[in-house]
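# Breakdown of the fold
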Amino acid sequence: MPAPRHIAVLGGGLTGLSSAFHLSRRFPDASITLLERQSKLGGWVRSDKVIVENVGSGGSPATVLLEGGPRTLRPNAKSVLELINLLGLDSAVITTSKSSPAAKTRFLQIPELPGLLPIPSSVASLLSSPLRSILLTAVGREIFRRSNRPKGIKDESLDRFMTRRFGEPFARTFGSALIHGIYATDSKKLSVRAAFPSLWEAEERGWGSVVVGFLRGSKFKLKSDYDLGGTIQLMHNASVYSFRGGMQTLTNALELSLSVRPNVKILRDTQVSSLRLQKSKAFEISLSSGAALSPTHVISTLSLPVLQNILPDPGALPHLTANPYSSVTVVNLVFPAPPSEIHPEGFGYLIPRPTTGYSSESPRFLGTVFDSCSLSAQDTPAPLTKLTVMMGGPYPALTEEHMSLPFIKRHLEDHLQRSLPDPVYWKVRRNDNCIPTLTPGHLERMQELRNVLWERWEGRLEVIGAGVGGVSVGDCVDAGKRAGEAWS
Ligand SMILES: Cc1cc2nc3c(=O)[nH]c(=O)nc-3n(C[C@H](O)[C@H](O)[C@H](O)COP(=O)(O)OP(=O)(O)OC[C@H]3O[C@@H](n4cnc5c(N)ncnc54)[C@H](O)[C@@H]3O)c2cc1C
């Protein structure tokens, strides 16, 4: 394949920014154009600094950092550590130590029970936990349960997988809660192979038992071509991390680095309205401004339904509309009291699927993050508590009432079993269609998509991003690192 001369990157979220960053290093002789519909780059990443009056020492104002999108990262995502190293962001990193309460304590709020239940993190806490019967029964039986994967199946939902191996109470209580926290979706709809390939593989390695499979060790080989500098030492003893200036530190640094590269052009406020492959073998990209581009190669990081909409022939690429997307409403609250007066110490809590399902009667809470426990280094020291409520996902659409302060505060008080002062600041952000639900069969569908891109589009169009290769920040940045690898 001839080397790329002009690469267009569609979408300036995390995947698009990291694609442009890595492509501009790999192909210094190609010109790269990053096209973003909005004036702000970063996609779902949004860190806002707000000033809260009269809460600092002596009644002074305090600055609080609030995240509207991703908020914490896991140290195992090497692609992000590499960016931190290459962008020189080491000193901006803040870590949550493995021994801190935020790392050790997480809670469940069972909709049918009052208050929060700590998820056991040691044998002692397991034995005294009200969750012990679900946990001990699930794990104890799993080891001895015969292999029960239906013959010939290539994928299934996480809920079905967990029910098959660990039983229905475990799948609902722990599985659905975990999926609310990561994918904001119903675990009955999420592909186990796409979301948790290690579980599927452990079942095979353990002759049917996931627990035995994990005890036998993993044969997953992670790629090790990352330029990590000193970031591994930085992450020593970190359970999660972020940046003093929030997640936007990463996207701002990418933007800054791209803006000084001679071979990169960033076009904001520029919506891609159509993408076609011409007979001349160049692409034609029409822009909302009326201008057009003819790049030799294209990386699309747009969500798959958006990509479907800009293709002149709706059947040009398969499976773009196969997965639904979840909408998440994020509510940031700042209370004028220290965390010890607002909530127990810990990372936060998740709420499993109610036994009655996702009914219209439910308050639509997915979980709450106790940000002050892990991310207080982002704020001016002051006796205040920031926390974030996540709502929506698989529940019926939220009404104005669900997004009102009295409603949210009443349910927080129920969960935390205490009365709360009025917040000194609160903000509701609706993120519509923000997280794809990778439904069963996703991996096979994406392989078929890649085959078509090779056969009919000669591999010069790559389709990547959260809707293709995984939704975490690490997955998105890794996809950007791998963009155009086949072109060199
Ligand atoms: C509320 C929330 C919380 C999250 N929390 C975490 C977390 O704590 N940890 C974690 O690892 N992950 C988290 N995630 C997941 C992660 O943030 C996302 O999966 C990731 O940011 C997606 O990046 P992307 O670049 O693939 O897509 P996007 O961010 O959607 O970027 C796509 C870009 O394309 C642009 N665009 C759309 N249409 C056009 C067009 N026609 N022309 C030009 N541009 C267009 C959009 O404006 C956008 O900027 C969270 C996600 C959300 C929504």
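Thresholds, definitions, all that
- Residues numbered from 1 in each chain as written.
- Predicted model: local features only at pLDDT ≥ 70, side-chain atom pairs only at ≥ 80, totals over all residues.
- Heavy atoms only, no water.
- Helix = DSSP H or I, 4+ residues; strand = E, 2+ residues; numbered from the N terminus.
- Rg over C-alpha atoms; globule rule 2.2 N^0.38 Å.
- Buried < 20%, exposed > 50% of the residue type's maximum accessible area, 1.4 Å probe, protein only.
- Areas by Shrake-Rupley, 256 points an atom, 1.4 Å probe, with all protein chains shown as cover.
- Lys, Arg positive; Asp, Glu negative; His and termini not counted.
- Charge placed at Lys NZ, Arg CZ, Asp CG, Glu CD.
- Pairing = 2+ DSSP bridges.
- Axes fitted to C-alpha atoms, helices over the stretch in contact; angles between N-to-C directions.
- Domains from an automatic or database assignment.
- Contact = heavy atoms within 4.5 Å.
- Buried area = accessible area lost by both parts, 1.4 Å probe.
- Salt bridge = Lys/Arg side-chain N within 4 Å of Asp/Glu carboxyl O.
- Polar contact = N/O pair within 3.5 Å; in protein donor to acceptor, adjacent residues only side chain to side chain.
- Nonpolar A, V, L, I, M, F, W, Y, C, P; charged D, E, K, R; others polar.
- Near = heavy atom within 4 Å.
- Parallel < 35°, antiparallel > 145°, perpendicular 65-115°, else oblique.
- Left-handed = near helix turned anticlockwise from the far one by under 90°.
- 1 Å grid on protein atoms, 1.4 Å probe; cavity = no way out; pocket = protein on both sides within 12 Å on 5 of 7 lines; lining within 4 Å.
- Points joined across faces, edges and corners; volume = space filled by probe spheres on them.
- Expected span 1.5 Å × (residues − 1).
- Bend = angle between axes of the 7 residues up to and from the residue.

### Some details on the overall build of the protein chain
Across its full length, the protein chain holds 19 helices and 19 strands. Over its C-alpha trace the protein chain gives a radius of gyration of 23 Å, about what one expects of a compact globule, namely 23 Å for 488 residues. Looking at the protein chain as a whole, 55% of its 488 residues qualify as buried. Entry remark: accessible area of the protein chain is about 21,400 Å², with carbon and sulfur atoms responsible for 53%. Positive and negative side-chain charges of the protein chain, numbering 54 and 42 respectively, have mean locations separated by a distance of 5 Å.

### Here we look at the sheet that holds strand 9 (residues 264-267)
Read from one edge of the open sheet, five strands run 9-2-1-13-19, paired in parallel fashion. In this open sheet, the two strands that pair with only one neighbour each are strand 9 and strand 19 (461-463). The mean inter-strand angle of the sheet, taken between neighbouring strand axes irrespective of direction, is 15 degrees. Sheet analysis places strand 1 (residues 6-10) next to strand 13 (residues 297-300), joined by four bridges and oriented parallel. What sits directly across from Val 9, in strand 13, is Ile 299.

### Digging into the domain arrangement of the protein chain
Assigned domains within the protein chain: domain 1 (6-43 + 247-322 + 438-487) and domain 2 (50-74 + 90-104 + 324-435). Contacts between the two partners involve ten residues from domain 1, matched on the other side by eight residues from domain 2. Around 690 Å² of area is buried between domain 1 and domain 2 when both sides are counted, 76% of it from carbon and sulfur atoms. Our enumeration of links across domain 1 and domain 2 arrives at zero salt bridges. In this structure, the connection of domain 1 to domain 2 is made through two residue pairs in polar contact (both at pLDDT 80 or more). The residue inventory of the side of domain 1 that touches domain 2, partitioned by class, reads six nonpolar, four polar and no charged.

### Let's talk about the sheet that holds strand 10 (residues 272-277)
Spatially, the three strands line up as an open sheet ordered 10-11-12, and their pairing is antiparallel. Taken across any chain shown, the strands that pair with only one partner, and hence form the sheet edges, are strand 10 and strand 12 (292-293). Summarising the sheet, strand 10 and strand 11 (residues 283-287) pair through five bridges and their orientation is antiparallel. Its bridge partner lying in strand 11, Ser 274 is registered against Ser 286.

### Let's talk about the site of the ligand
In the vicinity of the ligand, 32 residues are found, and the nearest of them are Thr 15, Glu 36, Val 272, Val 471 and Val 473. Within the backbone of Arg 37, an N or O atom sits 3.1 Å from a nitrogen atom of the ligand. One of the backbone nitrogen or oxygen atoms of Val 272 is found 2.9 Å away from a nitrogen atom of the ligand. Starting from 1,000 Å² of accessible surface for the ligand in isolation, the protein chains cover 89%.

### Here's the deal with the pairing of strand 17 (residues 385-392)
For strand 17, a buried count of eight out of eight residues is recorded, marking the element as mostly surrounded by other parts of the structure. Pairing of strand 14 (residues 325-335) with strand 17 involves eight bridges; the strand directions are antiparallel. When the sheet's bridge partners are listed, Leu 333 is paired in strand 17 with Leu 387. In this sheet, strand 17 lies alongside strand 16 (residues 365-369) in antiparallel orientation, the contact comprising four bridges. Note on strand 17: the bridge partner recorded for Thr 368 is Val 389.

### Some thoughts on the packing of helix 2 (residues 78-86) against helix 19 (residues 473-482)
At a minimum axis separation of 7 Å, helix 2 and helix 19 run at an interaxial angle of 70 degrees. When the axes of helix 2 and helix 19 are compared, the pair comes out roughly perpendicular. Where helix 2 crosses over helix 19, the handedness of that crossing is left-handed. Across from Ser 79, Val 80, Glu 82 and Leu 83 in helix 2, the residues of helix 19 making contact are Val 473, Gly 474, Val 477, Asp 478 and Lys 481. Of the residues that constitute the contact of helix 2 with helix 19, the class distribution is four nonpolar, two polar and three charged.

### Remarks on empty space enclosed by the protein
Summed over the entire model, instances satisfying the criterion amount to one cavity of 30 Å³ or more. For the largest cavity, the calculated volume is near 40 Å³. As for the largest cavity, its lining consists of Lys 154, Asp 155, Arg 193, Gly 441, Leu 443 and Glu 444. Partitioning the lining of the largest cavity into residue classes produces one nonpolar, one polar and four charged.

### So, the side chain of Asp 186
Among the secondary structure elements, Asp 186 is positioned in the loop between helix 7 (168-182) and helix 8 (192-195). Since its relative accessible area comes to 8%, Asp 186 is described here as buried. Of the polar contacts made by the side chain of Asp 186, one reaches the backbone nitrogen of Lys 188; its length is 2.9 Å. In this structure, Asp 186 is in contact with Ile 179, Arg 353, Tyr 358 and Pro 394, ignoring residues within four places of it in sequence.

### Things to note about helix 7
With 15 residues, helix 7 extends 20 Å between its outermost C-alpha atoms, agreeing within 8% with the 21 Å of an ideal straight helix rising 1.5 Å per residue. Approximately 25 degrees is the largest bend angle found in helix 7, and it occurs at Gly 175. Summarising the contacts, the buried residues of helix 7 are in contact with strand 6 (107-108), helix 5 (132-144), helix 6 (158-166), strand 15 (348-350) and strand 16. Taken from the residues just after helix 7, Ala 184 is the one with a positive phi, measuring 50 degrees.

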